[in-house]
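# Working through the structure, step by step
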Amino acid sequence: MEVLQVHKQRKPGASTSSDSSQSSREATSSQFKGQPRLPKFAVPKRYDIHLKPDLKACKFSGSVSIELDIVADTRFIVLNAAHLSINPASVSFNHPDSSKVLQATKVGVVEADEILVLDFAETLPKGMGLLSIRFDGVLNDQMKGFYTSIYEHNGEKKNMAVTQFEPAYARQCFPCWDEPAFKAKFKITLLDVPSELVTLSNMPVMEKKENGHLKTVYFEESPLMSTYLVAVVIGLFDYIEAHTLNGIKVRVYCQVGKSNQGKFALDVAVKTLEYYKDYFDMPYPLSKLDMVAIPDFAFGAMENFGLVTYRETALLYDDQHSAAANKQRVATVVAHELAHQWFGNLVTMEWWTDLWLNEGFATWVSYLANDKLFPEWKVWTQFLDHECSEGLRLDGLAESHPIEVEVNHASEIQEIFDTISYRKGASVIRMLRDYVGGQKFQNSLASYIKRHAWSNAKTEDLWTALKEGCDEPVNKIMNSWTKQKGYPVVSVKMKNQKLEIEQSQFLYSGSHGKGQWIIPMTLCCGDYESRKSFLMEKKAEIHDIKGFFSDTDKSSDPARSWIKLNVDQIGFFRVKYDEALGAKLRYAIENKYLSITDRLGILDDSFALCMARQMSLASLLTFLGAYQEELEHTVLSNLIKITDKVGRVVADAKPELMNYIKQFFIGLFLYSAEKLGWDPKQGESHLDAMSRGDVFTALAMLGHEETLIEGTRRFHAFLENRNTPLLHPDIRKAAYVAVMQKVNTTNRTGFESLLRVYRETDQSQEKVRVLGSLASCPDQGIILEALNFALSAEVRSQDAVFGLAVSKEGREVAWKWFKDNWDPIWKTYGSGNLVTRFVSSVVSPFASSEKVKEVKEFFTSRTKPSMARTLKQSIEQVEINAKWVQSIKNEKQLTETVNKLAIRKY
Ligand code: BES
Ligand code: ZN
């Protein structure tokens, strides 16, 4: 019997079926090639899927019966399939009103478009019909489609089978209309699964039939949903369970023996479901929610309807070995994925162009939920560092893209799960919500959800609901943020008593963009009671600024004469102050008059302006001095990122200043380090616990001698006893980095000991901490070993990217290593999202035009659509760095400023 391999290459241009003509009959199968979307003449309503996995042999067979509505005359049915072997004789179409079964006369495969073109001898009757197909597939090890993940049980390695279908991999498991707008009902059956294994899918089990040591499991039929949300998990697990107030059954599944580590996520999930029910004014749509930790997982987590899958680090929390940052990560990821159950699963984007509706929104709302559950985490201040600042960083590149982005091919979808869709998306939602007001925003969302439940929506539909609910020209304002890339920098000048404000596009490259935005502008003068808001287009002038101070006397008090725009950093833009206004803000920061968010915003903007060569490095460094007594977690975290990047650029531009720069930065962090100490304090805040780790890690990276000694001492205690109180999980990374600073090829003990820690732990967070410190070493030989270790069989391929955090001494080694290992890297990561992480981590740190040339040359024959944008962005970053280095080389005042700052006592 002939079996068609969907993944086999066909000759280019060869037709897959006879070209006989009919209306959509006129169609020939070749007309379906190269189209971004499937034709709509057949619409799937219900899938009955049978899968029979063989976990040992890593393969599966299956069959699918799809109830179709034929809505236009056609002789063809076109649907997706990839990497499946399809038995052409099994493809049949059955009209319910007649007993006639039509066999497909031709089953054509267009590999490049991942479609099947089924050709029938006669026009299919309009109305409902049943399409049946049998197929075979491979359980792959690529963490997508239907794949295997490896776990250990009683010392034995075993396979579990897992699905990951977003964005377009359901087609690797069963033939289907694999686009988000083709919602249908799914009834799943798993055949001949070993009885001892746990079998999970979106819906609860309806029936189980045991047959010796095998079982067949029938799941209930799902409500309407998109293919990318269908899921199956088969393996050995323990679980814990709880119920929401409304009786939704929530379970966390983890490796046998680890269920204690699921408790925190379970508790967060129950509370978050209750919170969203109220917030969206709509109950959770299914009767159960399962959350499963998967040992090999390409992303952080995946929001499959009713069956959310997670990387272990994003679900498990261990009292003994997790850090405060790990705890927060779990809460954030759970809140994000559960938000999708409404925003994404119940109401789904119509096409991937509107992906940001899913991801930007879930990112934003996860903060709302976490803020409710953990107000002491001050997550909205952290939002600025994690989301906004990162969004502004990427979107300041000319190679960025608009939030609403054209997607023409399945291979382009993966790459838009990026900082723009998530972080800029979340940031513009936050901006809009502030502008229209929290209550109106919430009410409008609730009506949007009701209106589009079980269906699909576009960005426009969200604006319409908001416009109705808020009586504001929401679409006009928001189009300027979602339909064009980039964002503005607002320049502010004070002339006499007149404040002049003007926007232009911010680009790190220094080029002049043409973008214009409608900016929800806010400003405060001297205190936070004086807040004023207005919508700003190109320019604004405020004539009598004195009148904006709540107490006019303050305008002449040097401590209270500051003026801050973009109050609390609500807007997605930057502000550039003239020198006098900048000096006043600096004074206000030193005297602690400004809010956390404003301190952070000014810091982040100043750094960006410096990189864009609109502010000298000397000015930036002087400005950083205002943060010498900073204790707030988010601000410290931003400061650490900035000092790292400044350190790297100075090493290129003025290596002779490096020691002074280091001394200055050490001075900046010693204040908080002394306050925090190495040991946890009774009753201290979650944020201080996180800062402790960050600050000591920063000091270790800077080579601060006392930190290196203390970190190493504590590490030795840890080697003796993994439960020593001397090395709390919050400070482990700092100690590991400290140890690595002294390692070299002749003194390898620290490195070997860390590898031992890696090998001996079964805790993913611990493994990631070790991996993230190995290449922080200044020694090039060790860096190379660390990079090789990351790609070795000892490291799960999901984790290798954590090993790419290379010290500034390791840039060239990493690049050479990357080129030498391109083939295995591409083979393992090429078809997924992780390859872009390799490209940006290895390329972006460079800072010369020679390197730009070299990188371009290397990739001439190697660029693929799935990484094209990331590569361009990374190259642009190198060009920006190169210009920055050049301008620092030319800075006259720099040496003097650095000397002065370095000897100041903090
Ligand atoms: N839907 C995504 C997972 C995903 C990402 C699928 C890319 C396909 C391609 C999921 O909701 C998600 O966004 N996960 C994040 C975690 C979140 C807390 C930002 C992730 O995986 O990093
Ligand atoms: Zn998401």
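Quantities reported herein were computed from a predicted structural model and do not represent experimental measurements.

## As for the overall build of the protein chain
Along the protein chain, the regular secondary structure elements total 26 helices and 30 strands. Taken over C-alpha atoms, the radius of gyration comes to 29 Å for the protein chain, in line with the 29 Å a tight globule of 906 residues would show. In terms of its C-alpha atoms, the protein chain occupies a principal-axis envelope of roughly 90 × 65 × 60 Å. Across the 906 residues in the protein chain, those meeting the buried criterion constitute 60%. Long-range pairs, those at least 24 residues apart, make up 72% of the contacts in the protein chain with a sequence separation of at least 6. About 34200 Å² of surface is accessible on the protein chain, with carbon and sulfur atoms providing 49% of the total. For the protein chain, the distance from the average position of its 110 positive side-chain charges to the average position of its 113 negative side-chain charges is 2 Å.

## Here's the deal with the pattern of salt bridges
A side chain with one charge may pair with a side chain of the opposite charge, provided their charged atoms come close. All told, the structure shown has 56 salt bridges when counted by the stated rule. For Lys498, the salt bridge identified is with Glu500, shortest N-O distance 3.4 Å. When its relative accessible area of 23% is taken as the criterion, Lys498 is described as partly exposed. Through salt bridges that share partners, Asp385, Glu390, Arg393 and Lys641 make up one connected network.

## Some remarks on the coordination of the zinc ion (ligand 2)
Here the zinc ion (ligand 2) is held by His336 (NE2), His340 (NE2) and Glu359 (OE), and the distances to it run 1.9 to 2.1 Å. Along the chain, the residues donating to the zinc ion (ligand 2) are arranged with the sequence spacing H-x3-H-x18-E. Residue His340 is found in helix α2 (residues 324-342), and its partner Glu359 is found in helix α3 (residues 355-373); the two are separated by 19 residues along the sequence. Considered together, His340 and Glu359 belong to a single accessibility category, that of buried residues.

## Overview of the UniProt feature "domain: Aminopeptidase N-like N-terminal" (unreviewed entry) in the protein chain
UniProt feature "domain: Aminopeptidase N-like N-terminal" (unreviewed entry): in the numbering of this structure it lies at residues 43-229. Between the first and last C-alpha atoms of residues 43-229 the distance is 18 Å; the span itself is 0% helix and 61% strand.

## Examining helix α12 (residues 617-624)
Counting buried positions over the eight residues of α12 gives six, a clear majority of the element. Where α12 is buried, its residues meet α10 (579-590), α11 (596-611), α13 (633-653), α14 (658-676), α25 (868-889) and α26 (894-903).

## Quick notes on the packing of aromatic side chains
In total, this model carries 57 aromatic pairs according to the counting rule given. Summarising the aromatic geometry, the rings of Trp356 and Trp463 are spaced 5.9 Å apart at their centres and angled 50° between planes, so their arrangement reads as tilted. With Trp356 in helix α3 and Trp463 in helix α8 (residues 459-470), this residue pair connects regions lying 107 residues apart in the sequence. Residue class for Trp356 comes out buried when judged on its relative accessible area of 0%. Plain terms: the ring middles of Trp380 and Phe383 are 5.3 Å apart, the flat faces sit at 45° to each other, and that makes the pair tilted. Of this pair, Trp380 and Phe383 both sit in helix α4 (residues 379-395), three residues apart, roughly one helical turn. In this structure Phe383 comes out as buried when scored by relative accessible area, which is 0%. Stacked on the ring of Tyr758, the Lys or Arg Lys767 has its end atom at 4.5 Å from the ring centre.

## Points about unusual backbone geometry
Residues Glu166 and Pro167 are joined by a peptide bond in cis, for which omega reads 0°. For Pro167, the location among the structural elements is in the loop between β11 (156-164) and β12 (185-194). Even without glycine at this site, Glu114 takes up a positive phi of about 55°. Note that Glu114 resides in the loop between β7 (101-110) and β8 (115-124). What makes Glu114 partly exposed here is its relative accessible area of 22%.

## Side note on the site of ligand 1
The full set close to ligand 1 counts 16 residues, and Glu166, Gly300, Glu303, Glu337 and Tyr422 are the nearest of them. Gly300 is positioned such that a nitrogen or oxygen atom in its backbone is 2.5 Å from an oxygen atom of ligand 1. His336 is positioned with one of its side-chain polar atoms (N or O) 3.0 Å from an oxygen atom of ligand 1. Ranked by the residues each element gives to the shell around ligand 1, the list is headed by α2, at four residues. Partitioning the shell around ligand 1 into residue classes produces seven nonpolar, five polar and four charged.

## Points about the nonpolar core
Within the largest apolar cluster, 310 residues are counted, with the highest numbers of intra-cluster contacts made by Leu131, Phe174, Trp177, Trp481, Leu621, Phe818 and Phe859. Trp481 has contacts with Ile403, Lys424, Val428, Met431, Tyr487, Pro488, Trp517, Ile518, Ile519, Pro520, Phe572 and Phe573, leaving out every residue within four places of it along the chain.

## Some points on the sheet that holds β11
Read from one edge of the open sheet, four strands run β10-β11-β16-β13, paired in antiparallel fashion. Edge positions in the open sheet fall to β10 (145-153) and β13 (198-201), since each of these has one partner strand only. The average angle at which neighbouring strand axes cross in this sheet is 15°, direction not considered. Bridge count for β13 against strand β16 (residues 232-235) is four bridges, and the pairing is antiparallel. In the strand pairing of β16, Leu200 is matched with Val233.

## Examining the environment of Phe549
When you line up the elements, Phe549 lands in the loop between β28 (539-542) and β29 (563-565). Phe549 sits 116 residues away from Phe665 along the chain, and the two C-alpha atoms are 36 Å apart.

## A look at the packing of helix α22 (residues 822-829) against helix α23 (residues 834-843)
Where α22 meets α23, the axes come as close as 8 Å, and the angle between the chain directions of the two elements is 145°. Contacts between α22 and α23 involve Ile825, Trp826 and Tyr829 on the former and, on the latter, Leu834, Val835 and Phe838. Partitioning the contact of α22 with α23 into residue classes produces six nonpolar, no polar and no charged.

## A word on the sheet that holds strand β21 (residues 307-311)
Read across the open sheet, the five strands follow the order β17-β18-β19-β21-β20; overall the sheet is mixed. Single-partner strands in this sheet number two, and they are β17 (238-243) and β20 (301-302). The strands touched by α2 within the sheet are β19 (288-294), β20 and β21, with β21 carrying the most contacts at an inclination of about 155°.

## Some details on the environment of Trp351
When you line up the elements, Trp351 lands in the loop between β22 (347-349) and α3. The exposure class assigned to Trp351 is buried, which follows from its relative accessible area of 10%. Counting along the chain gives 170 residues from Trp351 to Ala181, while the straight-line C-alpha distance between them is 6.8 Å. In this structure Trp351 touches Pro36, Arg37, Glu179, Pro180 and Val407, once residues within four positions along its chain are discounted. For Trp351, the side chain forms a polar contact with the main-chain oxygen of Val407, separated by 3.3 Å.

## As for helix α1 (residues 263-279)
Under the 1.5 Å per step criterion, the end-to-end length of α1 is 24 Å for 17 residues, consistent within 8% with the ideal 24 Å. Among all positions of α1, only Phe264, Ala265, Leu266, Val268, Ala269, Val270, Thr272, Leu273, Tyr275, Tyr276 and Tyr279 are buried. For α1, the elements touching its buried residues are β17, β18 (249-254), β19, α2, α3 and α7 (438-452). Among the residues trailing α1, Asp281 stands out with phi positive, at a value near 55°.

## Description of the pairing of strand β15 (residues 214-219)
Counting buried positions along β15 gives five out of six residues, so the element sits mostly inside the fold. Pairing of strand β14 (residues 205-211) with β15 involves six bridges; the strand directions are antiparallel. Looking at β15, one finds that Lys208 is bridged to Val217. Counting the residues that bridge the hairpin from β14 to β15 gives two residues, and of these Gly212 lies at a positive phi of roughly 65°.

## Let's talk about the side chain of Thr697
For Thr697, the position within the fold is in helix α15 (residues 686-701). Within the structure, the side chain of Thr697 is placed 2.5 Å from the backbone oxygen of Gly693, a separation counted as a polar contact. Here Thr697 is in contact with Lys733, Ala734 and Val737, once residues within four sequence places are set aside.

Here is what the cut-offs are and how they apply
Residues numbered from 1 in each chain as written. Chains lettered and ligands numbered in written order. Predicted model: local features only at pLDDT ≥ 70, side-chain atom pairs only at ≥ 80, totals over all residues. Heavy atoms only, no water. Helix = DSSP H or I, 4+ residues; strand = E, 2+ residues; numbered from the N terminus. Rg over C-alpha atoms; globule rule 2.2 N^0.38 Å. Buried < 20%, exposed > 50% of the residue type's maximum accessible area, 1.4 Å probe, protein only. Contact = heavy atoms within 4.5 Å. Areas by Shrake-Rupley, 256 points an atom, 1.4 Å probe, with all protein chains shown as cover. Lys, Arg positive; Asp, Glu negative; His and termini not counted. Charge placed at Lys NZ, Arg CZ, Asp CG, Glu CD. Salt bridge = Lys/Arg side-chain N within 4 Å of Asp/Glu carboxyl O. Donors = N, O, S within 2.8 Å, 3.2 Å for Na, K, Ca; no water. UniProt positions renumbered as here; feature names shortened; annotations may be inferred. Phe/Tyr/Trp six-rings, centres within 6.5 Å; stacked < 30°, edge-to-face > 60°. Lys NZ or Arg CZ within 6 Å of the ring centre and 35° of its normal. Near = heavy atom within 4 Å. Polar contact = N/O pair within 3.5 Å; in protein donor to acceptor, adjacent residues only side chain to side chain. Nonpolar A, V, L, I, M, F, W, Y, C, P; charged D, E, K, R; others polar. Core = buried A, V, L, I, M, F, W, Y, C linked by side-chain atoms within 4.5 Å. Pairing = 2+ DSSP bridges. Axes fitted to C-alpha atoms, helices over the stretch in contact; angles between N-to-C directions. Expected span 1.5 Å × (residues − 1).

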